[in-house]
Amino acid sequence: MPLFADIVLPLAQPAYCYSIPEGAEGEALRVGDAVAVQFGPKNIYTGIVWRLHDERPSVKRIKPVGRRLYDHPLLDAEQRQLWEWMADYYMCTLGEVMRVALPSLIKPRGSSDEEFSREEFYPRTEAYISLTEKWRASEQLAAECDRIERRAPRRSQILRQILTFDASKLNSLGEMPRRLLDCDSAQIAALRKGGYIDVVQRPRSVERNACVGFSAPALTEAQQRVADAIRSSQKVHLLRGVTGSGKTEIYMNLIAQVLERGGDVLLLVPEIALTTQLLDRMERVFGSRLTAYHSRLTPLRRSETYLRLMGSEGGELVIGARSALFLPLRHLQLVIVDEEHDSSYKQSDTAPRYQGRDVAIVLASLYGARVVLGSATPSLESYANAQWGKYDYSTLVERYGSSREPRIIISDTMRSVKRGERRAHFNQILINSISDALQRGEQVMLFQNRRGFAPFVQCRGCGWTPRCPSCNVTLTEHRSSERMECHYCGYTAAVPRSCPQCETIDLKAMGFGTERVEETIAELFPVARVARLDRDTTTSESAYNRIVRAFEQGQTDILVGTQMITKGFDFGAVSVVGVLNADNLLYAPDFRASERAFQLLMQVAGRAGRREREGVVVVQTSEPEHPVIGWLSRGDYEAMARSELAERHAFSYPPYSRLVQLTLRDENRQRLYGAAASLAQTLREKFGRRVAGPVAPAVDRIRGEYILTIQLKIENGRSMARAREILRQVMDSFSASSDYKQVKCSIDVDVQ
Ligand code: ADP
Ligand code: ZN
Ligand code: ZN
C-alpha cells in the first residue's frame, strides 16, 4: 500500500505530496481520484491524485490526504497523458490545466470542512415515470382508462397522456420525465398508490433515447469520395471545402457510422459558431445523442455533463468549443475540428495558452481516433503539413446542388469619394445592390469588424480625444448605452459634452462601428427592418437566438454585425453581403495579417447566395490593388497560400518555425524596461539571433500595466523540447531574482 500521493491542485504550482492515512479510504485511493486536501492554513481544495509512491519527501510536516469525492476517478490514463503533454508543451503547471479542464462545480473549495461540504457537487435529479409491470400492455390500460373514466376523470386523463407519450422523449430506459406530464404531485401519488406507475429519481441528464440508425442524407459522388478518403486515411485528414460544399454533410456521415459502432465523437467548433443552426441540424439527425458543451452553459450543466459522460458506455456526440477537449470520452474514435483555421481555438489570455486544434490531434492520437480538420480556408500551418505529406488532403471545390459562388465586386472607396458616389460610409454600388435586393424581397448582411458607434471622438478645436485612464487606447463611443467604453478593460465614462481642454463643444465621432452602420442604413432605407448582431446585442444566449431566428424567418431584412455574422450561418435568402471597410483587416501589425484577412473576407463572402440565387459581395476598400483583394476576388486560396508561404519561408516564420512569446507586465514602467532588457540579454546568450525584442505591442498599456514582449523563433528541425528546457531554466532564475519579483511574465508557445 503506497504511503504518499502527489496531488495536483488548481493552482499555478507543482503537485504537492500528501501522506495517505491508514484506513479504508486511504487504501482505496487510485490515480485520477478527486480528493479534498488542506493547502495552507485557510484553504481546502479539490485535488487530483497524480502519483502514488513511497518516497518520503524532505519537508518536515506532511499533511494527510482528505476524503475522496467521487466513486470513480475523474480522469483516465489518456486524459492524464493529455494534461501532462499540455503542461510540458505549453510550459504551464498541471494545476493550470486542471483549472480549464474540470468544470468549476466538480472541484469545490472552501476555507473550512463545513464550507467545503456545502460547495460539494451533486448532480440534480429528476423524477422519471414508467408503467408498472401489471399495466405495461397498452390494451389493458386503455380499457382501464375507460373503466375509471367516470369515477376518476383526471386520473384517467393522465393515464391516457402516458399511453400516448411521445416515444422520442423517453430516456434510454424507456421512462418518461415527470416534468413533461401535465399534472400535480397529488395525482402522481395517487396513481402510484393505485399500482399504475413507478416513480424513480435519476440524474436529470441521463435522458437519451436508444440509438438505432441515423438518417443522415445521402452524399453526392464528390462528397462520398472525400468521406471514403477520410475513412481510409492513416493520418490527420485536412479537408478544404468551399462554403456550402457540404463539409457538414460529410461530418454527419462519418459521425453516424462511429456512433452506430458505439464510438464517441468530438466535434470542435469555434465558440462563436456554436450557432443554433449547426446544433439544430445535428440534433435533427442525432437527437439526444448530441451534447453541446460551451461557455454559455451554466456551471451546473457543465458539471453534470462531465459526470454523465464519465459513466457513459460510448456512442456520444459532443459538439463544443475548445474546452470540450477535456470531457471524458473514453470511446473516442473520431475528432473533427471545423473551421480549423479559426483563431479562437487558441487560448491566449490565461495559462494554459493552448491551441485547441493541436491539442485535439494529440488527444486523438492517445485514443487512436481519426482526425478531420475542415475549413474553406485552412490555416497555413495545416496546409503546409498537407503539402509536406504529414497530413492527407482532400478538396471540395464546388458548392452543393445548384447553389452558385457569389460574384465579388471590389469597390474603390477613394474613387467613389472623388466621383461624389459615396454617402456616409456606403459607396454607391453597395447602396444600389442593397436597394435591388430589398426590392426583390431578399436579405442583406453588412459586415464591419468593430462594435460601438465610433472608435473615437475628437475635438474639432484642439484635436483632444478621450482615452482610457488605464489603457493606452481611445474610448469607443456607444450610442445605445450613451457611454464611452474601453474595449480592453471595460472602463466606461459619460460621453463628453464639451472638450475639457479648450471648451469647444464641437466633438466629432470619428470612424464607424456596427452601431453607426445600423443607424446610417436606417436613414438610407427607412422602411427596411434592420437588426444588429454583435457582443453588445447578444449579452444573453436568448438574445442571440432571437436575432438569428428573426433573420432566418425573414422578419429582418438587413443584418449588421461583426465577426459574429460570418460563421455558421446558412440563410437561403441572403443575396447581398457588404464589407464596409476591408482596409483595417489588411494592415494589422502581424505577420499573419494577410492570411487572416483573406480567411475572414472569404468567410463573409460565403454567406451570400447559398441557394439558387446568385449572390453579390461588395467589398469596400481604398486598397483595391492589395494582393489579398486580388486573391479574394478570384476566390483563389491556393494562390494566397503559395504566396504567403514563400514570404513566411523567407523570414522563417511559422509554419517554418515555432514562435514562443514572453509577455512582461508591470505598473512600473522603468522596472519593466529594465527587467525586459535583462531577460532578453540572458536569452540572447542562449539562443542568439533567435531572440527578438523587447518590443512594445500596439497597445502597450492595459489595466494600468505597461507591456513588453520578447519573441523566440525556433526553426523547424531544431528541438523544441530542448528549447523549452533552456527557457524553463532561464525563467526560473529570472523569477527568482529579487530585482524583478514584481514583474509578471507569461509564456505563450505557438503564439497567434
Ligand atoms: P459546408 O459545411 O461545407 O458549408 P453544408 O454541409 O452546410 O456545407 O452544405 C450546404 C448546403 O447544401 C446545406 O443546406 C446542406 O443541407 C446542403 N447539402 C450539402 N450536401 C448535401 C447532400 N449530399 N444532400 C442534401 N443536401 C446537401
Ligand atoms: Zn478641444
Ligand atoms: Zn481600459
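Our subject is the structure that appears above.
Conventions and cut-offs
- Residues numbered from 1 in each chain as written.
- Chains lettered and ligands numbered in written order.
- Predicted model: local features only at pLDDT ≥ 70, side-chain atom pairs only at ≥ 80, totals over all residues.
- Heavy atoms only, no water.
- Donors = N, O, S within 2.8 Å, 3.2 Å for Na, K, Ca; no water.
- Tetrahedral: all angles 85-135°; square planar, octahedral: opposite > 155°, others 65-115°.
- Buried < 20%, exposed > 50% of the residue type's maximum accessible area, 1.4 Å probe, protein only.
- Axes fitted to C-alpha atoms, helices over the stretch in contact; angles between N-to-C directions.
- Helix = DSSP H or I, 4+ residues; strand = E, 2+ residues; numbered from the N terminus.
- Left-handed = near helix turned anticlockwise from the far one by under 90°.
- Contact = heavy atoms within 4.5 Å.
- Nonpolar A, V, L, I, M, F, W, Y, C, P; charged D, E, K, R; others polar.
- Expected span 1.5 Å × (residues − 1).
- Arc of directions from axis to C-beta.
- Polar contact = N/O pair within 3.5 Å; in protein donor to acceptor, adjacent residues only side chain to side chain.
- Pairing = 2+ DSSP bridges.
- Phe/Tyr/Trp six-rings, centres within 6.5 Å; stacked < 30°, edge-to-face > 60°.
- Lys NZ or Arg CZ within 6 Å of the ring centre and 35° of its normal.

Draft legend 1. Geometry of the coordination of the zinc ion (ligand 2). Those protein atoms acting as donors to the zinc ion (ligand 2) are Cys-459 (SG), Cys-462 (SG), Cys-499 (SG) and Cys-502 (SG), and they sit at 2.3 Å. Here the zinc ion (ligand 2) binds 4 donor atoms, and the angle range of 101 to 115° at the metal identifies the geometry as tetrahedral. On the basis of relative accessibility, which here comes to 35%, the residue Cys-502 falls in the partly exposed class.

Draft legend 2. Quick peek at the packing of helix 22 (residues 669-687) against helix 23 (residues 720-736). For the pair helix 22 and helix 23, interaxial distance at closest approach is 11 Å and the crossing angle is 145°. The crossing of helix 22 and helix 23 is right-handed. Side by side, helix 22 and helix 23 meet where Ala-675, Leu-679, Thr-682, Leu-683, Lys-686 and Phe-687 of the first sit next to Ala-723, Ile-726, Leu-727, Val-730, Met-731 and Phe-734 of the second. Residues belonging to the contact of helix 22 with helix 23 are distributed by class as follows: 10 nonpolar, 1 polar and 1 charged.

Draft legend 3. Fine view of helix 22. A rise of 1.5 Å per residue sets the reference length of helix 22, with its 19 residues, at 27 Å; its end C-alpha atoms lie 26 Å apart and thus fit the reference within 8%. Taken as a whole, helix 22 has its buried residues at Leu-672, Ala-675, Ala-676, Leu-679, Ala-680, Leu-683 and Phe-687. Looking down the long axis of helix 22, one finds its buried residues gathered within 130° of arc, a one-sided arrangement. Among the exposed residues of helix 22, those oriented more than 90 degrees off its buried face are Gln-670 and Glu-685. Its side-chain oxygen at 3.0 Å from the backbone nitrogen of Gln-670, Asn-668 defines the N-terminal cap of helix 22.

Draft legend 4. Local environment of the sheet that holds strand 3 (residues 34-39). One open sheet holds the 4 strands; their spatial order is 2-1-4-3, and the pairing between them is antiparallel. The sheet is open, and its two edges are formed by strand 2 (16-19) and strand 3, each paired on a single side. The sheet shows a mean angle of 55° between the axes of neighbouring strands, taken without regard to direction. Judged from the 5 bridges that link them, strand 1 (residues 4-8) and strand 4 (residues 43-53) form a sheet pairing that is antiparallel. Within strand 4, the position partnered with Ile-7 by the bridge is Val-49. Of the strands in this sheet, strand 1 and strand 4 are in contact with helix 3 (residues 94-101), which crosses strand 4 at around 120°.

Draft legend 5. Fine view of the packing of aromatic side chains. For the coordinates displayed, the defined rule picks out 14 aromatic pairs. Geometrically, the ring pair formed by Trp-85 and Tyr-90 is edge-to-face, given 5.7 Å between the ring centres and 85° between the ring planes. For Tyr-90, a relative accessible area of 1% puts it in the buried group. A network of ring pairs unites the aromatic residues Tyr-383, Tyr-393, Phe-598 and Tyr-637 as a single cluster. Looking at Arg-669, its charged tip hangs above the ring of Tyr-706, at a distance of 5.9 Å from the centre. Above the plane of the ring of Tyr-653 lies Lys-713, whose end atom (NZ or CZ) is 4.3 Å from the centre.

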